[in-house]
There are 2 protein chains.
Amino acid sequence: MIGRLVVVGAGLIGGSFALALKAAGAVKTVAGLGRSAEAMARARELGIVDEICDTPQQALRGADLVLLAAPVGQTGPILDSLLPYLEPQTVITDAGSTKCDVVAAARQALGPRVRQFVPGHPIAGSESNGPDAAMAGLYRGKKTVLTPLPENTPADVERVAAAWRLCGSLIHTLSPEDHDRVFAAVSHLPHLLAYALVDDIAAKPHADLLFQYAASGFRDFTRIAGSSPEMWRDISLANREALLTELDAYLAQLTTLRHKLAAADGRGLELVYANAQRARQAWIEAIEAGSPPQQHRDTE
Amino acid sequence: MIGRLVVVGAGLIGGSFALALKAAGAVKTVAGLGRSAEAMARARELGIVDEICDTPQQALRGADLVLLAAPVGQTGPILDSLLPYLEPQTVITDAGSTKCDVVAAARQALGPRVRQFVPGHPIAGSESNGPDAAMAGLYRGKKTVLTPLPENTPADVERVAAAWRLCGSLIHTLSPEDHDRVFAAVSHLPHLLAYALVDDIAAKPHADLLFQYAASGFRDFTRIAGSSPEMWRDISLANREALLTELDAYLAQLTTLRHKLAAADGRGLELVYANAQRARQAWIEAIEAGSPPQQHRDTE
């Protein structure tokens, strides 16, 4: 049982964590701390938080667990503000989509108290934001990746893992570096590509005509371009090196494909398309064989 | 009432057309003609076709309407094979995703009889293929673009339009050139980009690890990479010029975005992301305001 949970940010990610733990009967009090008084008031209306805190001091008094659920670029300043009031029993975790930068910011902000910070990343989300998008089932059947630090005690890591398990999530462990390389390829790059395509089309003089004929293939391809620009700006910057590596590999791949297309190399194009189709099919079959059906549409 | 409908290809597209017209009580007999005896036998089992034809001669006898529903690269050879048996009352249409090449192939194959060919493109589909994927409701609420020829009689164009309307489809008219430019941007390019991403990831030494953490943002982004490689090879080649133009514009856009990322230009990245998010949101709102809810997942 978590006596006092603090969510820093009570939107989709923080709000769903609170709702899931409440639904599991695993938390007594949820305190909310955030930039937007309006969002916090809404989170209280929705039963996500029980108490709205105006200051870190108020929020952290007697806290067992703190979840940072704000854009990753704010990790350092938020931890700076929490440190003076951080009690010895409190464990802090986060839900950031990048981990190397979060760990670096945590080390810088917390110093030796970084042992109380267990970095994490639930692989779930939605292109919708804010408290109204939060739901108790968001993490059910989804992976949560923890990237524990050498300084963390096994007991603190387990407290964070247990909380995510109570949300229905499956715990995986990676190093921060591996985490960031993996998500640069399968999440951050696709977001950048989708944003680029929609911006490219929207900037054309005949954009209205184009959008009129865009159908659901386009809708699904670009769904992740509906995600929060601020959040994805922070992720792009935070994971810049790995994202550049993936982007360059993709640009090289696209350039090769462009040559095949320009040369009317049907066989070459079909090989790439067929390889992609096969790989995706194998992936889908592995998901269907190994995991419960996915009920929510995520953007990690 | 269509006395005799011939579907050349009784998979997702041709099969759904036949099923929709049958459901509307608008067709007496559906004859199937196709490369794969197995698929045709399955189409008869499923009640899609009433009669399997071994030859164009057999298929075309007494035909009112013929739908070509095969990869666009086969349009010319199929029309060559139909011409000797084409009766004066028969109207041929097609469901190809490109139109300039289809029109060129039709002119070359049919000569003056091209007046009996009304080109079309239903903006609906699925990443699933074959007769088992066919469904009567596939075209409900979806656009069908006709690109009529100067040689077509208004009555023949209307016969094709009426058949699609009976499938629940909304008729739009474009020139073949406008059609191909529009779909290069909103359909053909996204397919190529999705195939390229999956192939790129599948070729990496740690592909298994990457796929393990790919979530539903990736799944939706790459859904169209589950489409038929042969079909999309043909579409890519058929609309090569327009697709190259769109691909080059996109490569330029990506290169600009790469510079912003390399320069850690957070403001520049956020502007692109925010513009894309806004444009997509406006598009989604326009769809929701103006169209019936979409029930199927299309790849056009």
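Residues numbered from 1 in each chain as written. Chains lettered and ligands numbered in written order. Predicted model: local features only at pLDDT ≥ 70, side-chain atom pairs only at ≥ 80, totals over all residues. Heavy atoms only, no water.

Now for the pairing of strand S2 (residues 27-33) of chain B. All names here are of chain B. The buried fraction of S2 is high, at five of seven residues. Strand direction decides the pairing type here: strand S1 (residues 2-8) and S2, joined by six bridges, are parallel. Looking at S2, one finds that Val 7 is bridged to Gly 32. Viewed along the sheet, the connection from S1 through helix H1 (residues 12-23) into S2 turns out right-handed. Note that S2 and strand S3 (residues 51-52) share two bridges and pair parallel. (Buried < 20%, exposed > 50% of the residue type's maximum accessible area, 1.4 Å probe, protein only. Helix = DSSP H or I, 4+ residues; strand = E, 2+ residues; numbered from the N terminus. Pairing = 2+ DSSP bridges. Right-handed = clockwise from strand over helix to strand, strands pointing away.)

What follows covers the interface of chain B and chain A. Interfaces are often described in size by the accessible area the parts lose on coming together. Each partner contributes to the interface: chain B provides 87 residues, whereas chain A provides 87 residues. Taking both sides of the interface into account, the surface hidden between chain B and chain A amounts to around 8,200 Å²; carbon and sulfur atoms contribute 66%. The three residues of chain B that bury the most area against chain A are Tyr 213, Tyr 273 and Trp 283 of chain B, which together make up 10% of that side's buried surface. At the surface where chain B touches chain A, the tally comes to eight salt bridges. Measuring nitrogen to oxygen at the nearest pair gives 2.6 Å for the salt bridge that ties Arg 258 of chain B to Asp 248 of chain A. Joining chain B to chain A, the criterion identifies 34 residue pairs in polar contact (both at pLDDT 80 or more). Mapped by element, the contributors of at least two residues to the side of chain B that touches chain A are strand S8 (143-146), helix H7 (176-202), helix H8 (207-213), helix H9 (216-221), helix H10 (229-238), helix H11 (240-262) and helix H12 (266-290) of chain B. Of the residues forming the side of chain B that touches chain A, the biggest block, 18 residues, is contributed by H7 of chain B. Of the residues in the side of chain B that touches chain A, the class split is 50 nonpolar, 17 polar and 20 charged. (Contact = heavy atoms within 4.5 Å. Buried area = accessible area lost by both parts, 1.4 Å probe. Salt bridge = Lys/Arg side-chain N within 4 Å of Asp/Glu carboxyl O. Polar contact = N/O pair within 3.5 Å; in protein donor to acceptor, adjacent residues only side chain to side chain. Nonpolar A, V, L, I, M, F, W, Y, C, P; charged D, E, K, R; others polar.)

This brings us to the domain arrangement of chain A. All names here are of chain A. Segmentation of chain A into domains returns domain 1 (2-173) and domain 2 (178-290). A buried area of about 1,200 Å², summed over both sides, lies between domain 1 and domain 2, and 61% of it is on carbon and sulfur atoms. Contact with domain 2 buries surface across domain 1, with Ser 97, Thr 98 and Glu 127 losing the most and accounting together for 40% of the total. Counting every contact that joins domain 1 to domain 2 gives one salt bridge. (Domains from an automatic or database assignment.)

The next point concerns the packing of helix H11 (residues 240-262) of chain A against H11 of chain B. Where H11 of chain A contacts H11 of chain B, the axes come no closer than 11 Å and their chain directions differ by 160 degrees. As far as their axial angle goes, H11 of chain B and H11 of chain A are roughly antiparallel. You can see that H11 of chain A and H11 of chain B cross each other, and the crossing is left-handed. Residue-level contacts link Arg 240, Leu 243, Leu 244, Leu 247, Asp 248, Tyr 250, Leu 251, Leu 254, Thr 255, Arg 258, Leu 261 and Ala 262 of chain A of H11 of chain A to Arg 240, Leu 243, Leu 244, Leu 247, Asp 248, Tyr 250, Leu 251, Leu 254, Thr 255, Arg 258, Leu 261 and Ala 262 of chain B of H11 of chain B. Looking at the contact of H11 of chain A with H11 of chain B, its residues break down into 16 nonpolar, two polar and six charged. (Axes fitted to C-alpha atoms, helices over the stretch in contact; angles between N-to-C directions. Parallel < 35°, antiparallel > 145°, perpendicular 65-115°, else oblique. Left-handed = near helix turned anticlockwise from the far one by under 90°.)

Turning our eyes to something else, we now look at the sheet that holds strand S7 (residues 120-122) of chain A. Residues and elements named next belong to chain A. Strand order in the open sheet formed by three strands is S7-S8-S9, with mixed pairing between adjacent strands. The open sheet has two free edges, formed respectively by S7 and strand S9 (170-173), since each of these has just one partner strand. Along the sheet, successive strands turn relative to each other by an average axial angle of 25 degrees, direction set aside. Note: strand S8 (residues 143-146) against S9, four bridges, orientation parallel. Following the sheet pairing, Val 145 is matched in S9 by His 172. The strands that helix H6 (residues 154-166) touches are S7, S8 and S9; relative to S8, the one it contacts most, it runs at about 170 degrees.

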